[in-house]
Amino acid sequence: MNKKVCVVGLGYIGLPTAAVLANKGFFVHGVDVNEKAINLINNGQVHIYEPDLEDIVKRVVSEGNFSADLIPDNADVFILSVPTPFKDNHKPDLAFVESATKAIIPYIEPGNIIILESTSPVGTTEKITDWILHERPDLNIDENSPNQIYISHCPERVLPGKILKELIENDRIVGGINKKSTIKTAEFYNKFVEGKVLQTNARTAELSKLTENSFRDVNIAYANELSMICDDLNIDVWELISLANHHPRVNILKPGPGVGGHCIAVDPWFIVDAAPENSKLIHTARKVNDSKPHYIIEKVVEIAKNIPNPTIACLGLAFKANIDDLRESPAVEIVKELASIFEQNMFVAEPHIKELPKALKDFKIELTDTVAAIKKADIIVLLVDHDYFKELDTDLFLMKKLIDTRGIFYSNDYDKNLISI
Ligand code: SAJ
């Protein structure tokens, strides 16, 4: 029985994973470089928002099944769940994976399972194996050796906002560095996952995760491209998509102000970097989605030309609906650019945050409540489809220009002041 698990990286994935494992009866030793987060967790609190997470953390910490620390400890299973960002040139940055691996190396013992959960370029699990075996020649991955360790990739696939449910219910893909690693790792996930645990090799598991997020990116790019075509042709894209989706084999996703978050806008680059000649579609989709914020900015500027001293209100900063996460948010990028153009006359409403993010601090932007922002503005740019915005009284928008990038105010009645893109 694998009783002790060491989870390295207590962020959006690692912390919920640690909490779920502790809740299932494992003894979990969590590790992070963020001392503030460690102290909060050991107090039964959390530093990120995810529904129900704090309640579970509070309970498992008080029951003694979960504690957090700056340094790893011996364990039966090590899980690496650290960020894998890309560098300025869109090349993957494995610095966190490398430092997390190096941190656990002194604690690894024969028989241990080491699992990389971070979304990673193809070949990363092999790199981890090399780093470990280089520093620990006493260990090996040879089947039937008494000093054998098991190394696998098992990509996380959970949706922010539904993490605790999806960690248990989603199917998982486990790809070991060899057959024995796959089997041992799958046995571990079968102890707490209710979905299927599918077995493959490490490289296929790595590419499967990148493939899932690229699939979504390519399909969102199609919707975004349609939205710009429709804008040219004076057709409402939301009506168009809802009509086309009546076809039994068509399911077009939603256009928006661009693609945000730390996954879908990042992972496709790992494929483009590894196979540039053969990933033209994936690369183009990235470029289409990255161009959408600029398209929105140009639209606002074009409309503002006809209004003397225009005042702009932007609704929403999060990267998607009903969350407080601003990472890689196209809304933040749009607000930043508009603030540098319209200077004094910018209002922003984001009901999920209390202060502006660092990226917007140097601008003269007023963070205010939604109704006040709308009342003050000539042009309203709706950037996030929060439920809160859906409930707004549409009379507030009378006599104003409304650019709706999320289609929440779309209706069949054509309204000259509503621009849906
Ligand atoms: N978006 C659109 N139109 C759509 C759907 C999404 O513009 O029709 C935008 C959102 O507004 C947001 C971005 O795409 O800016 C990403 O949102 P999302 O809800 O599609 O995905 P994430 O980033 O929250 O989570 C994804 C998930 N992957 C897939 O659905 C294939 C999740 O399962 C992964 O675990 C996660 O990435 C990850 O960690 O990789």
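Residues numbered from 1 in each chain as written. Predicted model: local features only at pLDDT ≥ 70, side-chain atom pairs only at ≥ 80, totals over all residues. Heavy atoms only, no water.

**Section: the side chain of Thr405**
Line of reasoning, step 1. For Thr405, the location among the structural elements is in the loop between strand 13 (401–404) and strand 14 (418–420).
Line of reasoning, step 2. Its relative accessible area of 0% is what places Thr405 among the buried residues.
Line of reasoning, step 3. Of note is the side chain of Thr405, whose polar atom sits 2.7 Å from the backbone oxygen of Leu382.
Line of reasoning, step 4. Contact partners of Thr405, with chain neighbours within four places excluded, come to Trp238, Pro255, Gly256, Pro257, Ile296, Leu382, Leu383 and Ile421. (Helix = DSSP H or I, 4+ residues; strand = E, 2+ residues; numbered from the N terminus. Buried < 20%, exposed > 50% of the residue type's maximum accessible area, 1.4 Å probe, protein only. Polar contact = N/O pair within 3.5 Å; in protein donor to acceptor, adjacent residues only side chain to side chain. Contact = heavy atoms within 4.5 Å.)

**Observations regarding the nonpolar core**
Line of reasoning, step 1. Core analysis: the largest hydrophobic core is formed by 41 residues, its most contacted members being Leu10, Leu15, Leu21, Phe66, Phe188 and Tyr189.
Line of reasoning, step 2. The dominant element in this core, judged by the number of residues it contributes, is helix 1 (residues 14–23), at six residues.
Line of reasoning, step 3. Contact partners of Leu21, with chain neighbours within four places excluded, come to Val5, Val7, Phe26, Val28, Ile79, Phe188 and Phe192.
Line of reasoning, step 4. Counting residues in each nonpolar core, the second largest holds 29 residues, with Val300, Ile303, Ile307 and Val332 among its members. (Core = buried A, V, L, I, M, F, W, Y, C linked by side-chain atoms within 4.5 Å.)

**Comments concerning the domain arrangement of the protein chain**
Line of reasoning, step 1. Annotation of the protein chain at the domain level lists domain 1 (4–207) and domain 2 (220–420).
Line of reasoning, step 2. Its C-alpha centre places domain 1 at a distance of 35 Å from the equivalent point of domain 2.
Line of reasoning, step 3. Taken residue by residue, the interface counts 14 residues in domain 1 and twelve residues in domain 2.
Line of reasoning, step 4. Summing both sides of the interface, domain 1 and domain 2 together bury roughly 1,300 Å²; the carbon and sulfur share of this comes to 65%.
Line of reasoning, step 5. Among the residues of domain 1 in contact with domain 2, Tyr12, Phe86 and His90 are the three that bury the most area, contributing 37% of the side total. (Domains from an automatic or database assignment. Buried area = accessible area lost by both parts, 1.4 Å probe.)

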